[in-house]
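# Structural description and commentary
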Amino acid sequence: MANNTDALLTPSMPHSPQAEQAVLGSMLIDADCVKDVMEQLRPDDFYLKQNREIFETIYSMFVYSKPIDGVTVAGEMEKNGTYDENTTRPYLAQLMDVTPTSANVMEYVGIVRDKALLRALYTVAGEISTMVQAGTGGSSSVLDAAEQKIYAARRGRSAQC
């Protein structure tokens, strides 16, 4: 089972544990879909820390053309220090068990991206609110900065304004 510590420490932010698990499970059972997923997602798109760590491991393995499956990912996680003796291997097995096929992986990717964008918008809304409350600059400069931040969120980057 996933470590829910992340979810308990912050307000309920938009995320889909099922979609995150299905993306990772698809990558573990079908290495052919890894390239397509890598083109669409980045580690920060995963809300749960354990899922993010698994994705980062798979990404690193993909970059170095290493074989990707449950056993090799567990081994790589041991090497990079993100392996937990009690939870990692059973969780990787669970990911593969709950994902019978990778046929719908891009649907799962879309859900993960959508939730990540909603979280980014939440952050941007707070930044915009802070700019308004601070009262620095006029409405035009705040609006310009807000537009840049929203555009950057859509593109998956953070704007420095």
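An account of the accompanying structure is given in this report. Because the structure is a prediction, the values reported are computed rather than measured.

Rules of the game
For every chain, the first residue of the written sequence is number 1, and numbering continues from 1 onward in sequence order. Local features in this predicted model are restricted to residues whose pLDDT is 70 or higher, and side-chain atom pairs enter the listing and the counts only when it is 80 or higher, whereas totals over whole chains, interfaces and linings include all residues. The side-chain quantities take in all heavy atoms of the structure and omit both hydrogens and water. For salt bridges, the criterion is a side-chain nitrogen of Lys or Arg within 4 Å of an Asp or Glu carboxyl oxygen. Working definition: helices are DSSP H or I runs of at least four residues, strands are E runs of at least two. Numbering for both runs from the N terminus. The buried label applies to any residue whose accessible area, calculated with a 1.4 Å probe on protein chains only, is under 20% of its type's maximum; exposed applies above 50%, and partly exposed to all values in between. Note on terminology: a nonpolar core comprises buried Ala, Val, Leu, Ile, Met, Phe, Trp, Tyr and Cys residues joined through side-chain atoms within 4.5 Å. Residue contacts are defined here by distance: any two heavy atoms, one from each residue, within 4.5 Å place the two residues in contact. Axis angles are defined between N-to-C directions and span 0 to 180 degrees, where every axis is a line fitted to C-alpha atoms and, for a helix, only to the segment in contact. With respect to orientation, any angle under 35 degrees is reported as roughly parallel, any angle over 145 as roughly antiparallel, any angle of 65 to 115 as roughly perpendicular, and every other angle as oblique. Each crossing is labelled by how the near helix is turned from the far one, with a counterclockwise turn of less than a right angle marking it left-handed and a clockwise turn marking it right-handed. Note on residue categories: nonpolar means Ala, Val, Leu, Ile, Met, Phe, Trp, Tyr, Cys or Pro, charged means Asp, Glu, Lys or Arg, and polar means any other residue, Gly included. Expected helix span is given by 1.5 Å per residue-to-residue step, counting one fewer step than there are residues. The patch calculation keeps residues exceeding 30% relative accessible area without a salt bridge and links them within 9 Å when they carry like charges or within 5 Å when they are nonpolar (Val, Leu, Ile, Met, Phe, Trp, Tyr). Residue burial considers only the protein chains on display, and all accessible areas are found by Shrake-Rupley using a 1.4 Å probe.

## Observations concerning the pattern of salt bridges
The full count for this structure, using the stated rule, is six salt bridges. For E53, the salt bridge goes to K49, with nearest N and O atoms at 3.6 Å. Taken together, the positions of E53 and K49, both in helix α4 (residues 49–63) and four residues apart, correspond to about one turn of that helix. Its relative accessible area of 18% is what places E53 among the buried residues. Linked through salt bridges whose partners overlap, the residues forming this network are K66, E76 and K79.

## Overview of the nonpolar core
Generally speaking, a soluble globular protein has its nonpolar side chains buried in company with each other. Counting residues in each nonpolar core, the largest one holds 26 residues, and the members touching the most others are M27, I54, I58 and V73. Among the elements that make up this core, the one with the highest residue count is helix α2 (residues 17–29) (five residues). Dropping the residues within four chain positions of it, I58 is found in contact with L24, M27, L28, V34, M38, I68 and V73.

## A short note on the packing of helix α7 (residues 105–134) against helix α8 (residues 139–155)
Between α7 and α8, the shortest axis-to-axis distance is 9 Å and the interhelical angle comes to 165 degrees. By the criterion of interaxial angle, the relationship of α7 to α8 is roughly antiparallel. Seen along the crossing, α7 lies across α8 with a hand that is right-handed. Touching L117, A120, L121, V124, E127, I128, M131 and V132 of α7 are V142, A145, A146, K149, I150, A153 and R154, all from α8. A breakdown of the residues in the contact of α7 with α8 according to their chemical character gives twelve nonpolar, no polar and three charged.

## Description of unusual backbone geometry
Excluding glycine, most residues fall at negative phi; most peptide bonds, likewise, are trans. Phi is positive for S65, close to 55 degrees, though the residue is something other than glycine. The residue S65 is located in the loop between α4 and α5 (70–80) in this model.

## Details of the environment of V23
Along the chain, V23 turns up in helix α2. Classification of V23 as buried rests on a relative accessible area of 0%. A sequence separation of 76 residues divides V23 from T99, and the C-alpha atoms of the two residues are 8.5 Å apart. Apart from the residues lying within four places of it in its own chain, the contact partners of V23 are V37, L41, F46, V105, Y108, V109 and V112.

## Things to note about α8
Every α-helix carries 3.6 residues per turn, so stepping three or four residues along brings you back to the same face. Helix length check: α8 (17 residues) gives 24 Å between terminal C-alpha atoms against 24 Å at 1.5 Å per residue, within 8%. Summarising the contacts, the buried residues of α8 are in contact with α7. Directly after α8, the chain includes G156, whose backbone phi takes a positive value near 85 degrees.

## So, a nonpolar patch on the surface
A contiguous nonpolar surface patch, about 420 Å² in accessible area, is contributed by Y59, F62, V63 and Y64. Taking relative accessible area as the criterion, Y59 reaches 39% and is therefore assigned partly exposed.

## As for the environment of L117
As for its position among the elements, L117 is in helix α7. Using a relative accessible area of 28% as the deciding quantity, one classes L117 as partly exposed. Here the alpha-carbon distance between L117 and Q50, two residues 67 residues apart in the chain, equals 20 Å. Setting aside residues no more than four positions away along its own chain, L117 makes contact with A153 and R154.

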